There are 4 protein chains.
Amino acid sequence: MPIPLEIRDPIHGPIQIDSNEKAVIDSAYVQRLRGIKQTGFAELAFPGATHNRYTHSLGAFHLSARAFDQVFRTFDWKDEKERQKFKYTLRMAALLHDVGHGPLSHTIEQAMPPRKEITGGEGQATHEDYTQAIIGRSSLSKVLAESFWPDLPQAVLSLIKAENEYAEYFKAGKHDLNLFPALSSLISGELDVDRMDYMARDSLYCGTTYGQFDRDWIFSNLLHQQVDGNVYLALDSRALYAVEDFLLSRYHMYLIVYLHHKSVVYDEMLFQFLKSDDQNTRIPSDLEEYLKVDDYWLRSHLTASNNLWAKRIIEQKPYQMLLEVKSDQTEDAKHYADELEAKLKSEKIPYFRSSSTGLLSKYNAKDKTPRFPIYMIYRDPRFTSGFHPGVHYEPLSEATELFDRYKKNRIIDRIYADT
Amino acid sequence: MPIPLEIRDPIHGPIQIDSNEKAVIDSAYVQRLRGIKQTGFAELAFPGATHNRYTHSLGAFHLSARAFDQVFRTFDWKDEKERQKFKYTLRMAALLHDVGHGPLSHTIEQAMPPRKEITGGEGQATHEDYTQAIIGRSSLSKVLAESFWPDLPQAVLSLIKAENEYAEYFKAGKHDLNLFPALSSLISGELDVDRMDYMARDSLYCGTTYGQFDRDWIFSNLLHQQVDGNVYLALDSRALYAVEDFLLSRYHMYLIVYLHHKSVVYDEMLFQFLKSDDQNTRIPSDLEEYLKVDDYWLRSHLTASNNLWAKRIIEQKPYQMLLEVKSDQTEDAKHYADELEAKLKSEKIPYFRSSSTGLLSKYNAKDKTPRFPIYMIYRDPRFTSGFHPGVHYEPLSEATELFDRYKKNRIIDRIYADT
Amino acid sequence: MPIPLEIRDPIHGPIQIDSNEKAVIDSAYVQRLRGIKQTGFAELAFPGATHNRYTHSLGAFHLSARAFDQVFRTFDWKDEKERQKFKYTLRMAALLHDVGHGPLSHTIEQAMPPRKEITGGEGQATHEDYTQAIIGRSSLSKVLAESFWPDLPQAVLSLIKAENEYAEYFKAGKHDLNLFPALSSLISGELDVDRMDYMARDSLYCGTTYGQFDRDWIFSNLLHQQVDGNVYLALDSRALYAVEDFLLSRYHMYLIVYLHHKSVVYDEMLFQFLKSDDQNTRIPSDLEEYLKVDDYWLRSHLTASNNLWAKRIIEQKPYQMLLEVKSDQTEDAKHYADELEAKLKSEKIPYFRSSSTGLLSKYNAKDKTPRFPIYMIYRDPRFTSGFHPGVHYEPLSEATELFDRYKKNRIIDRIYADT
Amino acid sequence: MPIPLEIRDPIHGPIQIDSNEKAVIDSAYVQRLRGIKQTGFAELAFPGATHNRYTHSLGAFHLSARAFDQVFRTFDWKDEKERQKFKYTLRMAALLHDVGHGPLSHTIEQAMPPRKEITGGEGQATHEDYTQAIIGRSSLSKVLAESFWPDLPQAVLSLIKAENEYAEYFKAGKHDLNLFPALSSLISGELDVDRMDYMARDSLYCGTTYGQFDRDWIFSNLLHQQVDGNVYLALDSRALYAVEDFLLSRYHMYLIVYLHHKSVVYDEMLFQFLKSDDQNTRIPSDLEEYLKVDDYWLRSHLTASNNLWAKRIIEQKPYQMLLEVKSDQTEDAKHYADELEAKLKSEKIPYFRSSSTGLLSKYNAKDKTPRFPIYMIYRDPRFTSGFHPGVHYEPLSEATELFDRYKKNRIIDRIYADT
């Protein structure tokens with residue numbers, strides 16, 4: 001029996017890795033993520049936040065196994081082999097969900113090539129296209145197929161894209177149920193392993209407590225719910241408050257860390273740099289070349305450049321923030337910021353105005369309904385839904401009033417200037 | 001120079017105690033609190049919650065010093081002696097705020113004597129009356145006066161009652177400002193040291209994460225604000241989210257721990273016991289006798305009693321909860337519970353129905369306006385109020401929209417029966 | 001499928017309980033342990049240490065399942081049912097290892113009846129005799145047999161006594177191997193679940209960091225080693241430093257917490273009380289009566305007594321410590337203490353002199369060789385034993401030089417007097 | 001009154017920074033440290049260890065203020081201004097103790113220029129020479145002099161070098177005592193703020209528990225001891241076990257993290273690269289140029305190089321470890337390694353053999369006596385020295401038997417080969 005490899009992690013303790021998984025983790029594509037900071041420029045405001053997408057990916061990978069074991073504890077598998085197939089598929093999807101991520105932040109996508117060079121579609125490529133291409137057709141694709149089986153890469157891609165392009169693969173159990181909804185929700189949804197890891201991790205590394213939540217309680221109450229041949233992610237109702245607390249924790253992390261005024265101004269300056277430097281700092285479409293594209297790569301471009309925005313970033317001389325106001329609150333607040341903006345304009349002082357939105361859940365927004373509901377289950381009949389007393393289960397969105405309480409987003413309106 | 005005593009605490013680490021304070025802490029009245037569990041019957045649901053009011057009182061005492069140093073860092077004291085006077089007064093108020101607390105929970109007050117035997121007023125005594133009497137006229141009162149100065153007990157009482165009965169004492173600084181509002185807010189208010197300690201402590205001992213909040217950040221942003229000769233507790237606006245998180249943490253602790261269905265049913269059974277046993281289990285009005293009144297005392301009464309409620313408590317055979325529903329949510333929920341109640345009634349099954357309210361802040365409620373506002377200060381002019389842009393400071397209640405989001409309380413409607 | 005019960009614990013998070021286990025946990029014998037503090041009088045020095053033997057027993061129970069899953073991950077069971085049999089047996093042994101413990105500390109054993117009234121042997125009973133009797137012939141014994149199977153109580157007893165009185169029961173796997181050594185080491189040995197729980201728990205509740213150790217790393221490296229038909233507990237060599245750290249942590253907990261001078265003097269006073277009060281405070285031999293014997297029971301005896309030692313304990317007026325010296329270190333130190341003792345004697349001042357020994361491991365001592373060795377396994381051939389290079393495994397005691405470094409015990413010599 | 005800046009830190013919470021200190025922290029020299037990982041190649045074994053020397057420096061800076069306040073709580077200052085002078089001096093020394101550190105690890109010093117180009121001495125420069133030059137004659141030197149006073153840089157340098165080159169500066173208090181020993185011990189000694197920070201920080205980021213120690217207890221027992229006009233760092237004897245635990249924690253961190261076999265092999269490969277690439281990867285002697293020298297700089301050299309060692313490092317293809325043995329333990333162990341070495345040699349397989357030493361304290365070694373003793377003080381006469389009963393104070397090295405127990409170092413002998 002091979003000795004399992006263990007990696008120590010500040011968040012999860014020892015992370016166990018099977019030997020077929022090791023080949024994937026050791027691949028250049030996954031190791032590239034060591035060079036990409038998880039929270040980008042936030043490090044300038046929270047100097048402890050030096051953690052990278054590699055440890056985050058390992059963390060999500062680790063949590064996916066815990067989640068899988070919980071969710072499917074009572075599932076009626078055909079056999080152990082079938083169970084292993086889905087567990088490995090989920091673990092690989094968790095490990096690779098960010099494998100195509102560019103340096104620093106999403107702003108870098110400004111420098112990406114046309115999508116047709118990566119995945120064949122219209123418009124400009126995003127990091128998701130790189131993720132798709134790397135899993136689908138790079139040397140990593142071969143490693144995956146060899147370490148597991150030929151159609152694993154495609155199944156992993158389906159989960160990451162949250163589009164079931166391979167329905168046959170996801171039929172499981174003695175009754176041929178469709179596992180895709182539950183698995184997909186664990187990779188990308190309100191309670192996915194991505195968020196569960198990054199909130200805990202970012203919170204620790206930033207030195208804030210806001211992202212801490214009751215992970216153990218949520219995990220030990222994870223279930224699945226079968227509806228019309230589909231298997232959905234579900235939670236026992238005793239985890240209701242834990243989930244509310246989780247959603248609020250994430251909301252606070254947005255307001256405090258991810259939308260911090262320093263991150264915002266540096267991202268804006270990077271954007272200006274990329275716009276004005278478009279001949280030089282271009283992200284290669286060749287996937288082997290992309291292996292070199294990380295924060296070191298971007299930094300060497302910035303350091304070598306004479307572009308003024310690049311200099312400001314490297315020398316840490318950002319535009320100064322003159323005002324931060326939550327302008328949706330009152331018309332007064334908006335006018336207050338408008339006045340300052342008018343003044344800067346009239347005095348010809350260069351400035352930006354940025355607006356960031358703190359929202360409880362993107363699934364709150366009208367156009368972004370999640371593909372797959374998560375269910376709250378009232379296993380213990382003593383605890384019943386406050387909205388639909390007596391039902392056995394209901395979608396999470398109907399089980400809590402939190403989405404209602406936080407309907408109104410918080411808009412953070414900021415003005416930065418060259419003063 | 002005397003060697004300061006240090007007591008190790010799981011929450012705060014080493015707690016330093018001056019030698020004049022040691023006499024008070026070692027007094028029988030303060031030591032009595034070792035015998036009273038902080039969260040009463042919650043221990044039955046959260047077995048780790050064995051902590052007592054003694055360590056909580058030490059914790060509040062410890063935090064009061066930290067808070068004092070922060071709040072008055074820039075205050076213009078007449079001299080060091082004046083500063084010491086107020087610091088010791090605050091520390092003693094924090095230490096003694098619960099000194100008259102009865103065994104287990106507030107339910108025990110059912111067994112208290114008429115108030116006239118304790119403090120001279122109308123009606124039945126509460127634990128607050130005992131606190132007042134102990135500080136005002138017991139042997140502890142003498143210890144306080146001797147360890148500090150004669151009018152300290154009265155000043156401490158004023159702070160605990162949040163009624164400034166001794167205006168002269170609280171004038172301070174080169175401009176004779178009234179410190180009472182700020183000090184009183186630290187003992188009893190939205191951000192008092194009582195809450196700051198019990199949330200962290202209860203959270204740790206119960207094994208829940210919900211009561212954790214960013215204490216360090218709140219502390220390092222504590223300030224004071226002078227308005228019309230009065231000095232109020234204040235916070236820099238950069239602690240806004242930390243305070244929102246703190247309020248939500250407390251809300252979640254209520255829903256999860258303090259209003260747990262096991263606590264509620266045992267409290268109700270204790271209430272029934274005290275009602276039906278009114279000849280025997282009476283709390284003495286004599287303060288020296290009261291020294292023996294703690295959880296051990298109550299338990300020996302319960303153990304010795306043949307009362308059926310006492311037996312149920314000791315043998316851990318509570319009424320069973322049949323239903324828990326948040327009946328304010330919808331009429332449907334209320335009807336659902338009503339139906340069950342009607343059924344129990346018609347079948348002559350003994351039952352209780354209990355309603356608990358989870359609310360964000362008691363100051364939310366109309367009739368409970370806090371005496372003293374806490375102010376949010378916009379020291380850094382870049383960060384401005386979203387509601388009143390440009391103001392230098394405003395009351396906390398106007399600086400956050402949280403109270404608005406949580407206007408609607410959560411009512412937990414439960415039915416327990418003898419089944 | 002029944003809903004598993006979960007109890008939140010400050011140390012381990014949610015502890016899962018199966019429904020057959022619930023009956024045992026809810027029994028009066030296990031619930032009695034709520035009334036017995038884990039660290040007895042240590043609470044007087046470390047006021048946070050209010051935790052009881054109930055949560056400790058739950059913790060050991062929880063860890064035993066984790067340990068079992070790790071140790072036997074690769075064991076070749078006959079079938080799942082056999083695996084369950086041993087897992088439940090181990091869990092019950094962990095849960096019940098302290099079920100007969102008396103109030104406060106081992107000192108109470110002074111008040112226990114002759115052993116012949118409990119288990120039939122010679123001499124005075126100890127708490128181990130009560131444990132044996134409760135598991136073997138009380139109403140709990142019946143609950144165990146009914147919740148599991150008739151011979152479980154006897155098997156559990158064997159494990160707790162570390163004497164395999166039931167060899168047939170412990171034969172397991174396709175090759176009929178003897179599991180007793182490994183299981184017994186997990187209940188009582190250098191790395192048992194008892195220690196693993198109490199060190200973490202006492203450390204947290206006392207507010208000291210000394211008892212923290214790398215539990216996760218030790219657990220994920222637990223193995224078993226088969227030698228001559230016997231299966232022993234084993235560890236991968238990569239956990240060597242973690243085990244050394246664990247042993248040192250325990251040593252420090254002894255020096256700092258368990259042998260604290262306040263615990264020692266109160267224990268001595270309790271001893272004096274029990275000696276001088278032998279008509280009244282006697283522990284009943286009847287097991288149903290024993291259900292009432294907990295800290296509350298002892299305290300009510302102390303409170304009701306006129307015995308001077310009882311009064312000192314209740315009123316917290318101990319003999320004062322005059323000297324603490326590590327007298328084994330040098331002859332000088334011993335003489336220094338001897339001189340003080342001589343002086344007290346000549347002045348007729350009542351005093352005690354107590355000597356406590358801090359030692360790294362009781363298995364260090366010559367007469368206490370552990371029945372069953374724990375093995376260090378060099379699975380990865382790159383890491384080899386420093387003492388016997390090339391061996392595949394060796395006893396823990398030969399794999400580390402720590403026992404050698406700590407051969408010399410630390411003796412703490414104290415003098416307390418009535419001053 | 002200016003608003004103090006606060007930086008959140010995962011280890012210490014909010015770190016407060018005064019406005020004169022801000023200019024130093026924001027300087028390019030201090031910001032350069034963001035680009036240098038604290039534990040170098042250890043990140044490859046402990047992927048969480050991405051933290052840099054910037055946060056470590058801030059942490060040491062933060063601790064130095066806490067330590068100063070404790071140590072000199074009872075010191076008889078001439079006035080508040082004098083106190084401030086020493087506090088700022090100490091804080092700057094703590095902040096800047098590593099300011100000249102090169103990329104990754106000490107191995108980089110191989111590429112440093114002759115010392116005469118940096119500080120004027122003989123031989124090759126080390127990072128200490130850069131630290132000296134930066135504080136003494138770079139643009140940072142000017143910032144320091146302007147933010148504080150002209151001779152602060154020189155005083156800071158004295159502390160960092162642990163050589164009192166400026167005796168007049170360090171005379172303090174009403175009796176003109178020499179503070180240098182105590183201040184120097186806080187910057188560089190058995191209990192310095194450097195170690196106190198890095199152990200806690202490395203431990204957290206690596207995900208190991210071994211570096212945790214009872215910082216709060218040590219801090220609250222820090223004192224000073226005056227001997228012959230000199231003021232030394234001292235500790236109350238009640239912190240004896242805390243200090244022992246601290247020393248053992250550090251020892252374990254060495255064995256587990258700092259001397260991890262991956263760190264060792266990469267350091268060796270970097271050494272080989274620097275030796276064989278001496279024309280290209282040279283560290284500039286110009287201090288303004290040195291601002292660009294960080295891990296990014298080194299990595300871009302490695303990436304651009306065709307050197308085989310550089311490729312191995314970048315592509316993560318190290319020599320494989322074939323054996324790790326503690327060869328000092330027995331002659332057998334040494335022979336075992338010798339045999340393997342002989343075999344590799346005869347087969348002409350390229351290999352390294354490396355020997356690392358884990359020792360409890362460098363002050364253990366004969367030739368490295370610390371300049372300034374730290375004293376253990378027996379303030380409370382009840383607790384007396386085990387070696388010299390009755391003394392009021394004694395050097396730490398005589399107060400504990402730990403140095404004696406750990407006299408024998410642990411030598412880790414490893415063989416790596418190109419296989």
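Residues numbered from 1 in each chain as written. Chains lettered and ligands numbered in written order. Predicted model: local features only at pLDDT ≥ 70, side-chain atom pairs only at ≥ 80, totals over all residues. Heavy atoms only, no water.

Asks: Explain the overall build of chain A to me, please; I cannot follow it from the model alone.
Replies: A tally of regular secondary structure across chain A gives 19 helices and eleven strands. A compact globule built from 419 residues should have a C-alpha radius of gyration of about 22 Å, and chain A, at 23 Å, falls within 12% of that. Dimensions of chain A, computed from the C-alpha atoms along their principal axes, are close to 70 × 50 × 40 Å. Burial status across chain A gives 64% buried among its 419 residues. Pairs at least 24 apart in sequence give 69% of the contacts found in chain A among residues at least 6 apart. (Helix = DSSP H or I, 4+ residues; strand = E, 2+ residues; numbered from the N terminus. Rg over C-alpha atoms; globule rule 2.2 N^0.38 Å. Buried < 20%, exposed > 50% of the residue type's maximum accessible area, 1.4 Å probe, protein only. Contact = heavy atoms within 4.5 Å.)

Asks: Can you help me understand the nonpolar core in this one?
Replies: Grouped burial of nonpolar side chains is what soluble globular proteins tend to show. In terms of nonpolar packing, the biggest core is built from 267 residues, with Phe72(A), Leu96(A), Phe72(B) and Leu96(B) touching the most fellow members. Dropping the residues within four chain positions of it, Leu96(B) is found in contact with Val24(B), Val30(B), Thr131(B), Ile135(B), Leu140(B), Leu144(B) and Ile160(B). By size, the runner-up hydrophobic cluster in this structure holds 265 residues, among which are Leu58(C), Leu63(C), Val24(D) and Tyr169(D). (Core = buried A, V, L, I, M, F, W, Y, C linked by side-chain atoms within 4.5 Å.)

Asks: Help me out: how do you make sense of the relation of the copies chain A and chain D in this one?
Replies: Both copies of the chain are related by a screw-like operation: a rotation about an axis and a shift along it. The transform that puts chain A on chain D rotates by 180 degrees and translates by 0.0 Å along the axis, for an RMSD of 0.0 Å. A rotation of that kind, with that shift, is consistent with a two-fold axis. Interface residue correspondence from chain A to chain D reaches 100%, placing this contact among same-surface, isologous pairings. (Least-squares fit on C-alpha atoms with pLDDT ≥ 70 in both.)

Asks: Any chance you could explain the relation of the copies chain A and chain B here in plain terms?
Replies: In screw terms, the move from chain A to chain B is a rotation of 180 degrees and a rise of 0.0 Å along the axis, fitting with an RMSD of 0.0 Å. Here 100% of the interface residues in chain A have copies in chain B that are interface residues too; the copies meet face to matching face.

Asks: Is there a simple way to explain the sheet that holds strand E11 (residues 410-417) of chain C in this structure?
Replies: All names here are of chain C. Pairing within the open sheet is antiparallel, and its three strands lie in the order E7-E11-E8. For this open sheet the edge positions go to strand E7 (320-325) and strand E8 (351-358), each flanked by a neighbour on one side alone. Each neighbouring strand pair of the sheet contributes to a mean axis angle of 20 degrees, computed without reference to strand direction. Taken together, the five bridges between E7 and E11 define a ladder with antiparallel strand orientation. The partner of Val325 across the bridge, within E11, is Asp413. (Pairing = 2+ DSSP bridges. Axes fitted to C-alpha atoms, helices over the stretch in contact; angles between N-to-C directions.)

Asks: Any chance you could explain the side chain of Asp9(B) here in plain terms?
Replies: Mapped onto the elements of the fold, Asp9(B) is located in strand E1 (residues 5-9). With a relative accessible area of 4%, Asp9(B) lands in the buried category. In terms of polar contacts, Asp9(B) uses its side chain to reach the side chain of Arg201(B), at 2.9 Å. Excluding its chain neighbours within four sequence positions, the residues that come into contact with Asp9(B) are Ile15(B), Thr55(B), Arg201(B) and Gly207(C). (Polar contact = N/O pair within 3.5 Å; in protein donor to acceptor, adjacent residues only side chain to side chain.)

Asks: Whenever I open this one, the interface of chain A and chain B confuses me. Can you help?
Replies: Note on interface size: it is often stated as the accessible area lost on association of the parts. Each side of the interface is counted separately: chain A has 44 residues, and chain B has 44 residues. Of all residues in chain A, Tyr241(A), Arg382(A) and Arg405(A) give up the largest surface area on contact with chain B, accounting jointly for 19% of the area buried on that side. Applying the counting criterion to the chain A and chain B interface returns four salt bridges. A salt bridge links Glu401(A) to Arg410(B), with the nearest nitrogen and oxygen atoms 2.9 Å apart. Among the secondary structure elements, those contributing two or more residues to the side of chain A that touches chain B are helix H12 (240-258), strand E7 (320-325), helix H17 (331-346), helix H19 (402-405) and strand E11 (410-417) of chain A. At ten residues, the largest contribution of residues to the side of chain A that touches chain B is made by H12(A). (Buried area = accessible area lost by both parts, 1.4 Å probe. Salt bridge = Lys/Arg side-chain N within 4 Å of Asp/Glu carboxyl O.)

Asks: Which parts of the structure should I look at to understand the sheet that holds E11(A)?
Replies: Backbone-to-backbone hydrogen bonds join strands into a sheet, with any given pair of strands oriented parallel or antiparallel. All names here are of chain A. Taken together, three strands build an open sheet; the order of strands is E7-E11-E8 and the sheet is antiparallel. In the strand order of this sheet, the two ends are held by E7 and strand E8 (351-358), each with one partner. Strand-to-strand, the axes of this sheet are offset by a mean angle of 20 degrees, without reference to chain direction. Examined bridge by bridge, E8 and E11 share eight bridges and lie antiparallel to one another.

Asks: How should the interface of chain A and chain D be read in this particular structure?
Replies: Across the contact, 30 residues belong to chain A and 30 residues belong to chain D. Here chain A packs against chain D, burying approximately 2400 Å² in sum over the two surfaces, 55% of which is carbon and sulfur. On inspection of chain A and its partner chain D, the count reaches eleven residue pairs in polar contact (both at pLDDT 80 or more). Of the residues in the side of chain A that touches chain D, the class split is 13 nonpolar, nine polar and eight charged. (Nonpolar A, V, L, I, M, F, W, Y, C, P; charged D, E, K, R; others polar.)

Asks: Hey, could you run me through the packing of aromatic side chains in this one?
Replies: We describe a pair of aromatic rings using the distance from one ring centre to the other and the angle between the two ring planes. For the coordinates displayed, the defined rule picks out 110 aromatic pairs over all chains. One aromatic cluster in this structure is built from Phe68(A), Phe72(A), Phe75(A), Trp77(A), Phe86(A), Tyr166(A), Tyr169(A), Phe170(A), Phe180(A) and Phe372(A). Here the guanidinium or amino end of Arg8(B) rests over the ring plane of Trp217(D), the centre of that ring lying 3.7 Å away. Above the face of the Tyr296(C) ring, Arg299(B) is positioned so that its terminal group lies 4.6 Å from the ring centre. (Phe/Tyr/Trp six-rings, centres within 6.5 Å; stacked < 30°, edge-to-face > 60°. Lys NZ or Arg CZ within 6 Å of the ring centre and 35° of its normal.)

Asks: Got a minute to help me understand the pattern of salt bridges in this structure?
Replies: A side chain with one charge can pair with a side chain of the opposite charge if their charged atoms come near. Scanning the model with the defined rule gives 132 salt bridges over all chains in all. When the shortest N-O distance is used, the salt bridge between Arg83(C) and Glu80(C) registers 3.1 Å. You can see Arg83(C) and its partner Glu80(C) sitting in helix H5 (residues 80-96), three residues apart, about one turn around the helix. In this structure, Arg353(D) engages Asp338(D) in a salt bridge whose closest nitrogen and oxygen atoms are separated by 2.8 Å. Placement of the pair is Arg353(D) in strand E8 (residues 351-358) and Asp338(D) in helix H16 (residues 331-346), with a sequence separation of 15 residues.

Asks: How do you make sense of the environment of Gln38(C) when you look at a structure like this?
Replies: All names here are of chain C. With respect to the secondary-structure elements, Gln38 resides in the loop between helix H2 (28-32) and helix H3 (42-45). Judged by relative accessible area, Gln38 falls into the buried class, the value being 8%. C-alpha separation for the pair Gln38 and Tyr54, spaced 16 residues apart in sequence, amounts to 8.4 Å. Those residues within four positions of Gln38 in sequence are excluded, and the remaining contacts are His51, Asn52, Arg53, His56, Tyr198 and Asp202.

Asks: Looking at this structure, how should I read helix H17 (residues 331-346) of chain C?
Replies: The periodicity of an α-helix, 3.6 residues per turn, causes residues three or four positions apart to be oriented the same way. All names here are of chain C. Here H17 spans 22 Å end to end across 16 residues, near enough to the 22 Å set by a 1.5 Å rise per residue. Structurally, H17 contributes buried residues whose contacts are with E7, E8 and E11. Phi turns positive one or two residues past the end of H17, at Lys348, with a value near 60 degrees. (Expected span 1.5 Å × (residues − 1).)

Asks: Mind showing me how you'd approach the packing of helix H4 (residues 80-96) of chain D against helix H7 (residues 152-161) of chain D here?
Replies: Two measures define how a pair of helices packs: the angle their axes make with one another and the distance between the axes. Residue and element names in this part refer to chain D. The N-to-C vectors of H4 and H7 enclose an angle of 60 degrees; their axes lie 9 Å apart at closest approach. By the angle between their axes, H4 is oblique relative to H7. Where H4 crosses over H7, the two elements pack in a sense that is right-handed. For the pair H4 and H7, contact is made by Tyr88, Thr89, Leu90, Met92, Ala93 and Leu96 and by Leu152, Ala155, Val156, Leu159 and Ile160, respectively. A class-by-class count of the residues in the contact of H4 with H7 yields ten nonpolar, one polar and no charged. (Parallel < 35°, antiparallel > 145°, perpendicular 65-115°, else oblique. Left-handed = near helix turned anticlockwise from the far one by under 90°.)

Asks: Help me out: how do you make sense of unusual backbone geometry in this one?
Replies: Leave glycine aside and you will find that most residues have negative phi; peptide bonds, for their part, are mostly trans. All names here are of chain B. Located in the positive-phi region is Gln316, a residue other than glycine, with phi close to 55 degrees. Among the secondary structure elements, Gln316 is positioned in the loop between helix H16 (308-314) and strand E7 (320-325). For Lys348, which is not glycine, the phi torsion reads 55 degrees and is therefore positive. Mapped onto the secondary structure, Lys348 falls in the loop between helix H17 (331-346) and strand E8 (351-358).

Asks: Any chance you could explain helix H12 (residues 261-276) of chain D here in plain terms?
Replies: In a regular helix each residue adds 1.5 Å, so 16 residues correspond to 22 Å; H12(D) covers 23 Å between its end C-alpha atoms and thus fits that length. Taken as a whole, H12(D) has its buried residues at His261(D), Ser263(D), Val264(D), Val265(D), Tyr266(D), Met269(D), Leu270(D), Gln272(D), Phe273(D) and Leu274(D).

Asks: When you look at the side chain of Glu109(C) in this model, what are you seeing that I'm missing?
Replies: Residues and elements named next belong to chain C. As for its position among the elements, Glu109 is in the loop between H5 and helix H6 (127-137). Of the side chains with opposite charge, Arg115 lies nearest to the buried Glu109, which makes no salt bridge, at 7.5 Å. In terms of polar contacts, Glu109 uses its side chain to reach the side chain of His127, at 2.5 Å. The residues contacting Glu109, other than those within four sequence positions of it, are Gln124, Ala125, Thr126 and His127. (Lys, Arg positive; Asp, Glu negative; His and termini not counted.)

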